[in-house]
Amino acid sequence: MERVFGLLSWTLSRVLWLSGLSERGAARQPRIMEEKALEVYDLIRTIRDPEKPNTLEELEVVTESCVEVQEINEEDYLVIIRFTPTVPHCSLATLIGLCLRVKLQRCLPFKHKLEIYISEGTHSTEEDINKQINDKERVAAAMENPNLREIVEQCVLEPD
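Rules used throughout
- Residue numbering note: each chain is counted from 1, following its sequence as written.
- Residues qualify for local features only when their pLDDT is at least 70, as the model is predicted, and side-chain atom pairs are given and counted only at 80 or more; totals for whole chains, interfaces and linings, by contrast, use all residues.
- Side-chain measures here rest on the full set of heavy atoms in the structure, leaving out hydrogens and waters.
- UniProt positions are given in the numbering used here, feature names are shortened, and annotations may be inferred rather than shown by experiment.
- Helix and strand labels come from DSSP, where a helix needs a run of H or I of at least four residues and a strand needs a run of E of at least two; each type is numbered from the N terminus.
- Only protein chains enter the accessibility calculation, which uses a 1.4 Å probe. A residue is then buried if its area is under 20% of the maximum for its type, exposed if over 50%, and partly exposed in between.
- Should any heavy atoms of two residues lie within 4.5 Å, those residues are counted as being in contact.
- We get accessible surface area from the Shrake-Rupley algorithm with a probe of 1.4 Å; when it comes to residues, only the shown protein chains can shield them.
- Strand pairing is assigned whenever DSSP detects at least two bridges linking the two strands.
- Take the residue count of a helix, subtract one, and multiply by 1.5 Å to get its expected span.
- Whenever two N or O atoms come within 3.5 Å, that pair is a polar contact, provided that in protein one can donate a hydrogen and the other can accept it, and provided that, for residues adjacent in sequence, both atoms are side-chain atoms.

Under an unreviewed UniProt entry, the name given to the protein chain is MIP18 family protein FAM96A isoform X1, and the organism recorded is Galeopterus variegatus. The record held by UniProt for the protein chain lists under Sequence similarities (unreviewed entry) the comment "Belongs to the MIP18 family."

Take a look at the structure:
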């Protein structure tokens, strides 16, 4: 009987380990999410500000801590970005959100759902802007505007 329990215990621990549910698998999971978050950050940090000659990283509009990645299932991830406009009345916050979305939709190498928000309490109209930059129809309409598309393209262009 003891041998049966030992075999059962070993089999169960193997199954849990292979499925990623064991302690070793659980410890690996946060590291994978951190790596994916850094991958996202590396893509967005070089986006240029629409008004200034600086990157969003240089202006501290985006930081490593503003990126969160959660696993939805084995192949899909939820990417959450919380950016901070330079001033509470920034007129280009929507455009910055659009640049973030366009760059990540084009460049992320893994399947993802993307949510972009203004950091809570950092903009006077954050709720309205959050709705705009997370509405697929509004984003598509904005990208149909040739002037707006040109600005976005300049902002997301990789530096040499």
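There is more to say, and it comes next.
1. What to know about the overall build of the protein chain
Looking only at helices and strands, one finds six helices and three strands in the protein chain. The buried share of the protein chain, reckoned over its 160 residues, is 37%. Contacts in the protein chain between residues far apart in sequence, at least 24 positions, make up 60% of those at least 6 positions apart. Accessible surface, the protein chain as shown: approximately 10300 Å² in total, 52% of it carbon and sulfur.

2. What to know about the pairing of strand E1 (residues 67-71)
Bridge count between E1 and strand E2 (residues 76-83): five bridges; the pairing is antiparallel. By the bridge assignment for E2, Glu 71 is matched with Tyr 77. Joining the antiparallel neighbours E1 and E2 is a turn of four residues.

3. Details of unusual backbone geometry
A positive phi angle, close to 60 degrees, is found at Glu 60, a residue other than glycine. Mapping Glu 60 onto the fold places it in the loop between helix H2 (23-44) and E1. Relative accessible area serves as the criterion here: at 59%, Glu 60 is assigned to the exposed category.

4. Section: helix H3 (residues 93-107)
Taking 1.5 Å of rise per residue, the 15 residues of H3 would be expected to cover 21 Å, and the 21 Å separating its terminal C-alpha atoms lies within 8% of that figure. Burial runs high along H3: eleven of the 15 residues are buried. Within H3 the residues assigned to the buried category are Ala 93, Leu 95, Ile 96, Gly 97, Leu 98, Cys 99, Leu 100, Arg 101, Val 102, Lys 103 and Leu 104.

5. Brief notes about the side chain of Glu 115
Structurally, the position occupied by Glu 115 is in strand E3 (residues 111-118). Overall, the relative accessible area of 17% leaves Glu 115 in the buried class. Within polar-contact distance, the side chain of Glu 115 engages the side chain of Tyr 117 at 2.8 Å. Not counting residues up to four positions away in its chain, the partners in contact with Glu 115 are Leu 78, Val 79, Ile 80, Ile 81, Arg 101 and Asn 134.

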